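Residue-level listing of the chains:
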Amino acid sequence: MSTAAPEKTDVKTAPPLPKPSDPQLRRMANAIRALAMDAVQKANSGHPGMPMGMADVATVLWSKFLKFDPTDPAWPDRDRFVLSAGHGSMLLYSLLYLTGYPGMTLEQLQHFRQVGSDTPGHPEHCLEHGIETTTGPLSQGLGNAVGMAIAERVLAARFGAELVDHHTYAIVSDGDLMEGHSHESISLAGHLRLGKLIALWDNNSISIDGPTDLTVSDNQLARFEAHGWDVAAVDGHEAVAVEAAIARAKETPLPSFIACRTVIAFGAPTKAGTASAHGSPLGAEEIAGARKRLGWEYPPFVIPDDVAAWWREVGKRGAAPHAAWRDRMAGKSKQEQTVFEHRTTGELRSGWKEALAGVKAKFAADKPKIATRQASGDVLAALVPAIPTLVGGSADLTPSNNTLVKGQKVITPDDFGGQYIHYGIREHGMASCMNGLALHGGIVPYGGTFLIFSDYLRPALRLSALMKQRVIYVLTHDSIGLGEDGPTHQPVEHLAALRAIPNLHVYRPADAMETAECWELALTHTDGPSVLALSRQGLPALRDKADTNQSARGAYVVAEAEGGTRQVTLFATGSEVSLAMEARKLLAGRGVRAAVVSMPCWQLFEAQDKAYRDQVIGSVPRVGVEAAVRFGWDRYIGAEGAFIGMKSFGESGPGPEVYKYFGITAEAVADAAEQQLKGK
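A.B. asks: An account of the sheet that holds strand E15 (residues 568–572) is needed here, citing residue identities and associated values.
C.D. replies: Reading across from one edge, E14-E16-E15-E17-E18 is the order of the 5 strands in this open sheet, with mixed pairing throughout. The open sheet has two edge strands, strand E14 (556–559) and strand E18 (642–644), and neither has a second partner. Neighbour-to-neighbour, the strand axes of this sheet turn through a mean angle of 30°, independent of strand direction. In this sheet, strand E16 (residues 594–598) lies alongside E15 in parallel orientation, the contact comprising 5 bridges. The partner of Val-568 across the bridge, within E16, is Ala-594. This element, helix H23 (residues 610–617), spans E14, E15, E16 and strand E17 (622–625) of the sheet and lies at about 105° to E15.

A.B. asks: Account for the nonpolar core, with residues named and values stated.
C.D. replies: Among the nonpolar cores identified, the biggest contains 68 residues, and Trp-62 and Trp-311 are the most heavily contacted of them. Here this core takes 12 residues from helix H1 (residues 23–43), the largest share from any one element. Setting aside its immediate chain neighbours within four residues, Trp-311 contacts Met-28, Ala-31, Ile-32, Thr-59, Trp-62, Leu-95, Leu-98 and Thr-99.

A.B. asks: Pulling in residues and values, what's your account of the side chain of Thr-252?
C.D. replies: Looking at the element boundaries, Thr-252 is found in the loop between helix H9 (239–249) and strand E7 (256–261). Overall, the relative accessible area of 14% leaves Thr-252 in the buried class. Among the polar contacts listed, one links the side chain of Thr-252 to the backbone nitrogen of Leu-254, at a separation of 3.3 Å. Beyond its immediate chain neighbours, meaning those up to four positions away, Thr-252 contacts Gly-195 and Asp-230.

A.B. asks: Provide a residue-level description of the pattern of salt bridges, including the pertinent values.
C.D. replies: Overall, the coordinates contain 30 salt bridges when judged by the stated rule. Across the salt bridge formed by Arg-508 and Glu-626, the nearest N and O atoms sit 4.0 Å from each other. With a gap of 118 residues between them, Arg-508 in the loop between strand E12 (505–507) and helix H20 (512–524) and Glu-626 in the loop between E17 and helix H24 (634–637) connect regions that are remote in the sequence. The exposure class of Arg-508 is buried, given its relative accessible area of 1%.

A.B. asks: So, helix H21 (residues 575–589): which residues are in play, and what are the values?
C.D. replies: Within H21, burial applies to Ser-575, Glu-576, Val-577, Ser-578, Leu-579, Ala-580, Met-581, Ala-583, Arg-584 and Leu-587. Positive backbone phi, approximately 80°, marks Gly-591, located one or two places after H21.

The rules behind these values
Residues numbered from 1 in each chain as written. Predicted model: local features only at pLDDT ≥ 70, side-chain atom pairs only at ≥ 80, totals over all residues. Heavy atoms only, no water. Pairing = 2+ DSSP bridges. Helix = DSSP H or I, 4+ residues; strand = E, 2+ residues; numbered from the N terminus. Axes fitted to C-alpha atoms, helices over the stretch in contact; angles between N-to-C directions. Contact = heavy atoms within 4.5 Å. Core = buried A, V, L, I, M, F, W, Y, C linked by side-chain atoms within 4.5 Å. Buried < 20%, exposed > 50% of the residue type's maximum accessible area, 1.4 Å probe, protein only. Polar contact = N/O pair within 3.5 Å; in protein donor to acceptor, adjacent residues only side chain to side chain. Salt bridge = Lys/Arg side-chain N within 4 Å of Asp/Glu carboxyl O.

Following this line, the structure appears as structure tokens:
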């Protein structure tokens, strides 16, 4: 059988490969194998085994089924292809080059894994080059694919099958399925019955340590079937069988899982079927032997004319359906065309800023003392009807996160015409799904959980930032102020950890007004994700004017010193800004002139010019206050500055009492300020 690993032999005595059922498809697949071997060998780094093993499956998928057009990689109704097994990146790069994507040249393949190339070790999102998502951290691509499949259904419910009717395909590896995150993703997909999602498993039974039976005995077919998927198993090197399985999968109303039994490094004379082919170059002698076994008699990086022509014809196959789609689009009203264009390009519908302004005016007039999570819910109540693109959700904390507003329709397996997803207790799956929603286009996702549980979703959040995707994380219960749930639920290190992620805007608003401002900033931050860290406890209103978005500069003087120039500056975020304001009053009673600086977003503050930063920070002694660890604060208060915050985990008890227990009080801030002045 063609899927059996070869007996131990040497390069010269390796037996010939079985004859393929379709010689042309095998030669097309061998082009992928050769390019993968050559690029990895030239880079002296990479993973040749997976591309060689899945070349037959990928060739069938791309030549027989995948709907795409290299002349317009961003065509909204293209099929989405996700290489969740991102270590096998040369499979994707080879396909993109062979089918004629302008940005994926032979030169780029020859510079695989080199600084500045468009062919990094693992695929990085670049729509221009046909790369739908960044993969490599295992199972993330599978989660993205679930989000893409949901997005397709949501947009089809709005615009109809004439404009939105495509599939999402994902190639997954043994490692993808070992990751616990995969459980969350496939469970959600099965529950929502995402019939246009098809996962192709590279079932080669090899991982870095060796055969997968060292670590797992899972029956993956039974597992996926239990999650509500349609399942099938095929020989991944038999093109006819693979084609039949994909054709069947396209007809089922359920998400489909096709187990493709393959040999890693198929064709290699001694390393095929072994762990040594997973993550290292094959070596010159092994590559020569593979070329002989595969009947590939061409120099490195050379594709014969007949094979190149076959592949370029595959690339041209999407032109006709693309043209037909354009005709259908042209038949729509100008208004519908504009709405569709705005949805797919990420432009928010006009009128949303006016809706937000109404909320801010109400906050200014009412001066509510409410939790910022509640203020966030009030903001969403205005934004959700105004922005159809918004699709929210929560990881089973909807009432606590205040993420579902009155009248907001919930997405169900039978109706994708809503704007809200109940993700269940699947924080990681929620985050990777939101990445997929954003990557697909047409949706601006937001999702809620507690800040403490950002630990569960951090890998996907990091990829939101790496891919520059507008994904909004509503993370409530942001400090020891949540009270009785205790240290297991009280985040102390999380703000510092999140602020360390490049290209992530972490917002911690101090009152209702700042919450509205931070939502505006998150929605207009189109090239990166945002975190809204929101309080459980009520916070007093600090501002009564709604004209200017003060939070836009990251930090600002919310209250200047009275009676003369400032003698000390109190810096704070979120719930501790009101505490700093109380300390300012205490200091005034002691004859000390203090200014208070609110710092809702450090990242935005760092982006301001030096003159503005110096103006806000000042040159007088400084005190920082935040119900979190000090890490990161020294850049603003200095190594000798005072900090009132957390040095340990929290404590169970009523929120105000916990603050007192840890000495995070207005009195402590005022005392620290006076000590700073004495030591001046």
